[in-house]
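# Topology and contacts: notes
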Amino acid sequence: MELRDIGCTGLRVSALGFGAMHINDERVGEDEAGRLLNAVLDLGINLIDTARSYGLSEERIGRHLAHRRGDFVLSTKVGYGVDGVPDWTYDCIVGGVERALRLMRTDWLDIVHLHSCPLQTLQADEVIRALDDCRRAGKLRVAAYSGDNAELAAALDDSRFGAVQTSISVCDQINLSENLPRAAERGMGVIAKRPLAGAVWRHAQRPDDFAEGQYWDRWQAMGLDAQIAPEARTEIALRFVAHLPGVASSIVGTSKLANLQQNLALLAKGPLPAAQQAALRQVFADKQAAWAGLI
Ligand SMILES: NC(=O)c1ccc[n+]([C@@H]2O[C@H](COP(=O)([O-])OP(=O)(O)OC[C@H]3O[C@@H](n4cnc5c(N)ncnc54)[C@H](OP(=O)(O)O)[C@@H]3O)[C@@H](O)[C@H]2O)c1
């Protein structure tokens, strides 16, 4: 598995990461979640991304992978959901980090993101200071921001962040022209979230989920059903994002081992031919003025 530097953090992550959002509830059984998480590491993936809001995900990572903690880079997100403490305050960030350490049965977190707080909260500085204090205390290695648009631009201007997580896919290309080069200039690592745009081509009807619904609209508007054969859609979407200069890892979310294995095989095919990559960028460029990044 290809490992890449995540900015200047000193951490190296696999080009394909595991988005652990879909092991959030009992639709994936406990044993199945354990098998999937262990398979992730056995297959050479070393980046696992979770969050406070992903239901059972953090707890399951602790339960099934604590004994292999040295084998992977653990990324999570905080900012809300700590009992007795208002969201997006100093104490909530520190409490969120402590909670994640406890749930995931570990002494340290590798990357901790502020999970998409509004611009005003970011600019008020309290939450960044709290995260940075946790880093100084050795509870986490890299303070990071997860989000898009104006908030992401502000985060890229703050050297206390070592990495960012943002939406990048065939249907979400706003970061390609400015933010990816800017992150590279500043030595910040970039994790691409929602890299398959939720694989919306699988749905005959517009999905109810907010982001997936938007991606479904974009996929239709870009005419991609007509341009890409059904059996090639996952491959093209994954190869489009995973080899973009400046993207350290693409954290595809899946609940299925077979899809995880397929994604690894597709990634190994390398970048798309330049003309195909350029054509996908052009079809988005015709629309992108109206299409902001989807949180
Ligand atoms: N920071 C944030 O605010 C934020 C927001 C959203 C997501 N994220 C992170 O990004 C990760 C990925 O986002 P996401 O899961 O929303 O979107 P995604 O990775 O673009 O797409 C995930 C969907 O693609 C399907 N899929 C995966 N591999 C496939 C394959 N080979 N063939 C067909 N379908 C396939 C999965 O279904 P199956 O389960 O059936 O495989 C899942 O429904 C999350 O897990 C999370 O870690 C972060």
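Residues numbered from 1 in each chain as written. Predicted model: local features only at pLDDT ≥ 70, side-chain atom pairs only at ≥ 80, totals over all residues. Heavy atoms only, no water.

As recorded by an unreviewed UniProt entry, the protein carries the name Aldo/keto reductase and is attributed to Roseateles violae.

Turning next to the overall build of the protein. Across its full length, the protein holds 12 helices and 10 strands. In terms of overall dimensions, the protein is globule-like: its C-alpha atoms have a radius of gyration of 18 Å, near the 19 Å expected for 295 residues. Summed over all atoms, the accessible surface of the protein reaches about 12400 Å², with 49% contributed by carbon and sulfur. Computed over 32 positive and 37 negative side-chain charges, the inter-centroid distance for the protein is 2 Å. (Helix = DSSP H or I, 4+ residues; strand = E, 2+ residues; numbered from the N terminus. Rg over C-alpha atoms; globule rule 2.2 N^0.38 Å. Areas by Shrake-Rupley, 256 points an atom, 1.4 Å probe, with all protein chains shown as cover. Lys, Arg positive; Asp, Glu negative; His and termini not counted. Charge placed at Lys NZ, Arg CZ, Asp CG, Glu CD.)

This part takes up the UniProt feature "domain: NADP-dependent oxidoreductase" (unreviewed entry) in the protein. When the UniProt feature table is mapped to this numbering, "domain: NADP-dependent oxidoreductase" (unreviewed entry) covers residues 16-283. The distance from the first to the last C-alpha atom of residues 16-283 is 25 Å, and the span holds 43% helix and 16% strand. (UniProt positions renumbered as here; feature names shortened; annotations may be inferred.)

Moving on: helix 12 (residues 274-285). In this model, helix 12 (12 residues) spans 16 Å end to end at C-alpha, consistent with the 16 Å of a helix rising 1.5 Å per residue. Burial in helix 12 covers these residues: Gln-277, Leu-280, Val-283 and Phe-284. Within helix 12, the buried residues cover an arc of 130 degrees as seen down the axis, which keeps them to one side. Summarising the geometry of helix 12, the exposed residues directed more than 90 degrees from the buried face are Ala-274 and Ala-275. Contacts made by the buried residues of helix 12 are with helix 8 (210-221), helix 9 (224-227) and helix 10 (233-242). (Expected span 1.5 Å × (residues − 1). Buried < 20%, exposed > 50% of the residue type's maximum accessible area, 1.4 Å probe, protein only. Arc of directions from axis to C-beta. Contact = heavy atoms within 4.5 Å.)

The full set close to the ligand counts 30 residues, and His-22, Asp-49, Ser-146, Thr-254 and Lys-256 are the nearest of them. One nitrogen or oxygen atom from the side chain of Ser-146 is found 2.6 Å from a nitrogen atom belonging to the ligand. One of the backbone N or O atoms of Pro-195 is found 3.4 Å from an oxygen atom in the ligand. Protein chains bury 94% of the 900 Å² of accessible surface belonging to the ligand in isolation. Secondary structure elements with two or more residues in the shell around the ligand: strand 10 (249-253) and helix 11 (257-267). (Near = heavy atom within 4 Å. Polar contact = N/O pair within 3.5 Å; in protein donor to acceptor, adjacent residues only side chain to side chain.)

Before going further, it helps to examine the sheet that holds strand 7 (residues 140-146). On the basis of which strands lie adjacent, the closed barrel formed by eight strands has the order 3-4-5-6-7-8-9-10 and parallel pairing. Along the sheet, successive strands turn relative to each other by an average axial angle of 25 degrees, direction set aside. Bridge analysis of strand 8 (residues 163-167) against strand 9 (residues 189-193) gives five bridges, and the strand direction is parallel. Directly across from Gln-165, in strand 9, lies its bridge partner Ile-191. (Pairing = 2+ DSSP bridges. Axes fitted to C-alpha atoms, helices over the stretch in contact; angles between N-to-C directions.)

Let us look at the nonpolar core. Ranked by internal contacts, the top residues of the largest apolar core, which has 85 residues, are Ile-48, Leu-114 and Leu-131. Broken down by element, the residue count for this core peaks at six residues, all from helix 10. Those residues in contact with Leu-131 that lie beyond four places of it in its chain are Val-78, Ile-93, Val-97, Val-112, Leu-114, Leu-140, Ala-143, Ala-144 and Phe-161. Leu-11, Leu-47, Ile-191 and Ala-248 belong to the second-largest nonpolar core, a separate cluster that totals 12 residues. (Core = buried A, V, L, I, M, F, W, Y, C linked by side-chain atoms within 4.5 Å.)

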